[in-house]
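# A structural walkthrough
Here's the letter readout for the chains.
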Amino acid sequence: MCPDLTIRSTFIAGFPGETEEQFQTLLDFIRIADLDRVGCFAYSPVEGATANKLDGALPDEVREDRRARFMELAEELSAERMKRKVGKTLKVLVDELSNEGVVGRTAADAPEIDGVVYIEPAKKVSKRYKAGDFVSVQITGADGHDLWGEV
């Protein structure tokens, strides 16, 4: 219905009482949900939080292990999703121009949270555009977080 919609979410792993089976259900969910951007934090007690009183607090090692396993899977899924953008032309907001190159972001990218778009060749772009400009970029490469492209 809306192919350009970006769906993001953040999860907590290792909540008090969380079983390995429940954690596996979460991993199964992110495999099929096809979310664009996901993050995960290991549960940690917060002063005054009701969750601090729940039974079944998990050891720090278990919480961190689950967070790491989640993020490992999320990285794989993100890389697959980003590769689907190769060959497409995307509208990119130019954020930075420097001697090292041009960096921008798409409507799906939150500054300092998600990946960026590296636009090449930098010399060609930096002479024609400035920060705040929108450019049409053909995506030529991708990894788990970032895209590369040419104007």
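Structure report, in brief. (Residues numbered from 1 in each chain as written. Predicted model: local features only at pLDDT ≥ 70, side-chain atom pairs only at ≥ 80, totals over all residues. Heavy atoms only, no water.)

## A closer look at a negative patch on the surface
Taken together, the side chains of Glu72, Glu75, Glu76 and Glu80 present a region of like negative charge at the surface. Tracing the backbone through its elements, the reader meets glutamate 80 in helix α2 (residues 60-83). On the basis of relative accessibility, which here comes to 48%, the residue glutamate 80 falls in the partly exposed class. (Patch = residues over 30% accessible without salt bridge, like charges linked within 9 Å, V, L, I, M, F, W, Y side chains within 5 Å. Areas by Shrake-Rupley, 256 points an atom, 1.4 Å probe, with all protein chains shown as cover. Salt bridge = Lys/Arg side-chain N within 4 Å of Asp/Glu carboxyl O. Lys, Arg positive; Asp, Glu negative; His and termini not counted. Charge placed at Lys NZ, Arg CZ, Asp CG, Glu CD. Helix = DSSP H or I, 4+ residues; strand = E, 2+ residues; numbered from the N terminus. Buried < 20%, exposed > 50% of the residue type's maximum accessible area, 1.4 Å probe, protein only.)

## Some details on the side chain of aspartate 133
Its location among the elements puts aspartate 133 in the loop between α3 (122-128) and β6 (134-142). In this structure the side chain of aspartate 133 is engaged in a polar contact, spanning 2.9 Å, whose partner is the backbone nitrogen of lysine 130. Other than its neighbours up to four places away in sequence, aspartate 133 contacts Val92, Leu93 and Val94. (Polar contact = N/O pair within 3.5 Å; in protein donor to acceptor, adjacent residues only side chain to side chain. Contact = heavy atoms within 4.5 Å.)

## Looking at the packing of aromatic side chains
This model, assessed by the stated rule, comprises four aromatic pairs. Ring centres of phenylalanine 11 and phenylalanine 29 lie 6.3 Å apart, and the angle between their planes is 65°; this geometry places the pair in the edge-to-face category. Of the two residues, phenylalanine 11 sits in strand β1 (residues 8-13) while phenylalanine 29 sits in helix α1 (residues 20-33), which places them 18 residues apart along the sequence. Taking the relative accessible area as the measure of exposure, phenylalanine 11 reaches 15% and is therefore buried. Three or more aromatic residues joined by ring pairs form one cluster here, namely Phe11, Phe29 and Phe70. Directly above the ring of phenylalanine 134 sits lysine 91, whose terminal nitrogen or CZ lies 4.6 Å from the centroid. (Phe/Tyr/Trp six-rings, centres within 6.5 Å; stacked < 30°, edge-to-face > 60°. Lys NZ or Arg CZ within 6 Å of the ring centre and 35° of its normal.)

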